[in-house]
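Residue-level listing of the chains:
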Amino acid sequence: MISQVAIRYAQALFELAEEENQTSEIYSEIVDLNEVISSNKSLYDVLRSPFIGRDEKKKVVYELFADKVQKNTKNFLMVLVDNDRTTQLSSIVQSYKQFMNNKFNIAEGKVYTAIPLSREQISELEKKLSAKYNKNVQLVNEIDKDILGGVLVRIGNEEIDGTVKSRLDDLSEKLSQVIS
């Protein structure tokens, strides 16, 4: 669950990015920043430590990222340091992405199958679902051996279940009702 704090920070950054016409660029930078910070335990520990002062944290951040990100992203990171919110960066990135998806009318989802789908099959499914939802649907294929066959699509809170397993479960339930 994304906190209200993360949503507010993401919204502020998104609005600034929109004013500057840099929504995608800033998103890319905060994704990279999040990856660097979360994958480097020492850096993560420094940024969240209550025993290290804000000025020292800002100095570390500035030295590491000064010429690697644009001014707005760097300033945003400094605001996070000032307000002890660097541990919220992952949630801020997720929330920012939701703002971007809303702006660009994108719906992200997952398609679960027993075997991997080809890029063409995924594209065809995306086209059909895009027409159905009137959004640009983007799917990621995940393998689930329990499915047996068919597909299970999840987009937001909606689920489209066209799996063999669900059909077999339905058939089993109907047979048990007939037998009892």
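Residues numbered from 1 in each chain as written. Predicted model: local features only at pLDDT ≥ 70, side-chain atom pairs only at ≥ 80, totals over all residues. Heavy atoms only, no water.

> Just to check I follow, could you spell out the overall build of the chain for this structure?
The number of helices and strands found in the chain is 8 helices and 4 strands. Starting at the N terminus and ending at the C terminus, the chain contains elements arranged as α-α-α-α-α-α-β-α-β-β-β-α. A compact globule built from 180 residues should have a C-alpha radius of gyration of about 16 Å, whereas the chain, at 22 Å, is more than 25% larger. The dimensions of the chain, computed from C-alpha atoms along their principal axes, are 75 × 35 × 30 Å. Looking at the 180 residues of the chain, the share that counts as buried comes to 35%. Put simply, of all contacts in the chain between residues at least 6 apart along the chain, 67% involve residues at least 24 apart. Carbon together with sulfur atoms contributes 50% to the accessible area of the chain, which is approximately 11500 Å² in total. (Helix = DSSP H or I, 4+ residues; strand = E, 2+ residues; numbered from the N terminus. Rg over C-alpha atoms; globule rule 2.2 N^0.38 Å. Buried < 20%, exposed > 50% of the residue type's maximum accessible area, 1.4 Å probe, protein only. Contact = heavy atoms within 4.5 Å. Areas by Shrake-Rupley, 256 points an atom, 1.4 Å probe, with all protein chains shown as cover.)

> Explanation requested: the packing of helix α1 (residues 4-19) against helix α6 (residues 89-103) in the structure shown.
When two helices pack together, their arrangement is captured by the angle between the axes and the distance separating the axes. Contact pair α1 / α6: the axes reach a minimum separation of 8 Å and the direction vectors enclose 50 degrees. Taken as axis vectors, α1 and α6 run oblique relative to one another. In this structure, the crossing between α1 and α6 has a hand that is right-handed. Contacts between α1 and α6 involve A6, I7, Y9, A10, Q11, L13, F14, A17 and E18 from the first element and S91, I92, S95, Y96, F99, M100 and K103 from the second. Class assignment of the residues belonging to the contact of α1 with α6 gives a composition of 11 nonpolar, 3 polar and 2 charged. (Axes fitted to C-alpha atoms, helices over the stretch in contact; angles between N-to-C directions. Parallel < 35°, antiparallel > 145°, perpendicular 65-115°, else oblique. Left-handed = near helix turned anticlockwise from the far one by under 90°. Nonpolar A, V, L, I, M, F, W, Y, C, P; charged D, E, K, R; others polar.)

> What is the right way to look at the layout of surface pockets in this model?
Size it by volume and the largest pocket reaches roughly 410 Å³. Contributions of two or more residues to the lining of the largest pocket are made by α6 and β1 (106-113). No other element matches the 5 residues that α6 contributes to the lining of the largest pocket. Tallied by class, residues from the lining of the largest pocket come to 4 nonpolar, 5 polar and 4 charged. Counting only domains with at least three residues in the lining of the largest pocket, you end up with domain 1 (4-101) and domain 2 (106-178). (1 Å grid on protein atoms, 1.4 Å probe; cavity = no way out; pocket = protein on both sides within 12 Å on 5 of 7 lines; lining within 4 Å. Points joined across faces, edges and corners; volume = space filled by probe spheres on them. Domains from an automatic or database assignment.)

> Can you help me understand a nonpolar patch on the surface in this one?
Where nonpolar side chains cluster on the molecular surface, the patch consists of L148, V164, L168, L171, L175, V178 and I179 and spans about 710 Å² of accessible area. Along the chain, the position of V164 falls in helix α8 (residues 164-179). (Patch = residues over 30% accessible without salt bridge, like charges linked within 9 Å, V, L, I, M, F, W, Y side chains within 5 Å. Salt bridge = Lys/Arg side-chain N within 4 Å of Asp/Glu carboxyl O.)

> What am I meant to see in the side chain of K57 here?
You can see K57 is positioned in helix α4 (residues 54-65). Within the structure, K57 has its side chain in polar contact with the backbone oxygen of L47 (distance 3.2 Å). Within the structure, the side chain of K57 is placed 2.9 Å from the backbone oxygen of S49, a separation counted as a polar contact. In contact with K57, not counting residues within four places along its chain, are V46, L47, R48, S49, I52, V81 and D84. (Polar contact = N/O pair within 3.5 Å; in protein donor to acceptor, adjacent residues only side chain to side chain.)

> What am I meant to see in the pairing of β1 here?
Burial within β1 is extensive, with 6 of its 8 residues counted as buried. Examined bridge by bridge, β1 and strand β2 (residues 136-143) share 8 bridges and lie parallel to one another. Among the inter-strand pairings, E108 is bridged to a residue of β2, identified as Q138. For the segment spanning β1, helix α7 (residues 119-133) and β2, crossover handedness is right-handed. Where β1 meets strand β3 (residues 150-155), 5 bridges bridge the pair, whose relative direction is antiparallel. Bridged to T113 within β3 is V151. (Pairing = 2+ DSSP bridges. Right-handed = clockwise from strand over helix to strand, strands pointing away.)

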